[in-house]
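Secondary and tertiary structure notes
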Amino acid sequence: MLKQELHELSLSTQGRGLYEFTDEVSAFVTRSKLTSGLATLHVQHTSASLLIQENADPEVRRDLERFFKRLVPDGDKIFQHTAEGDDDMPAHVRTALTAVNLSIPIVRGQLALGTWQGIYLWEHRTHPHRRRVLIHLLGE
């Protein structure tokens, strides 16, 4: 029988960077008792995104941050939208280049993530924030 569940996570950030929350999503899937289906995640912000990325070597996350710092630098004179500081528009561009939604299959009661894959909130602002991520499960 098909069922669905909805859960909201509130994640605190300490500023720009990647914050893994795989365990929280996995726990929600386990509590749901779904054996197969789909987990859809959605971050409700325009200056943060979601990412599935390697969770073994932290250098991968630092490399991503260095790449985006070069690609979309804070304070670039091209940007007019600076209402909340030099990192305001670059944060929106970073979000536009990544994703605010993820879909992950549920197989045999678990998220079908590969080896070394983790689920991350990518905070694009330089100051701490509280971010809301909705998790919607659909399956049986």
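This report concerns the structure included in the present document. All figures in this text were calculated on a predicted structure; none of them were measured in a lab.

What about the pairing of strand β3 (residues 36–43)?
Bridge count for β3 against strand β5 (residues 101–107) is seven bridges, and the pairing is antiparallel. Bridge pairing links histidine 42 to asparagine 101 in β5.

A few points about the nonpolar core
Grouped together as the largest cluster of nonpolar side chains are 21 residues, with contacts concentrated most on Phe21, Leu41 and Val133. Of all elements in the fold, only β1 (3–12), α1 (22–32), β3, β4 (48–54), β5, β7 (117–123) and β8 (130–139) reach the threshold of two or more residues within this core. Membership of the second largest hydrophobic core comes to five residues, among which are Leu51, Phe68, Tyr120 and Trp122.

Describing the pattern of salt bridges
Considering all chains together, one arrives at eleven salt bridges under this definition. In this structure, the salt-bridge partner of arginine 66 is aspartate 63, at a minimum N-O distance of 2.3 Å. Residue arginine 66 and its partner aspartate 63 are both found in helix α2 (residues 58–71); the two are separated by three residues, about one turn of the helix. Residue classification places arginine 66 among the partly exposed positions, given a relative accessible area of 44%. Since its relative accessible area comes to 39%, aspartate 63 is described here as partly exposed. Residue glutamate 65 is joined to arginine 94 by a salt bridge in which the shortest nitrogen-to-oxygen separation is 2.6 Å. In this pair, glutamate 65 is assigned in helix α2 and arginine 94 in helix α3 (residues 88–97), connecting sequence segments 29 residues apart. The class of arginine 94 is buried, set by a relative accessible area of 0%.

Conventions and cut-offs
- Residues numbered from 1 in each chain as written.
- Predicted model: local features only at pLDDT ≥ 70, side-chain atom pairs only at ≥ 80, totals over all residues.
- Heavy atoms only, no water.
- Pairing = 2+ DSSP bridges.
- Helix = DSSP H or I, 4+ residues; strand = E, 2+ residues; numbered from the N terminus.
- Core = buried A, V, L, I, M, F, W, Y, C linked by side-chain atoms within 4.5 Å.
- Buried < 20%, exposed > 50% of the residue type's maximum accessible area, 1.4 Å probe, protein only.
- Salt bridge = Lys/Arg side-chain N within 4 Å of Asp/Glu carboxyl O.

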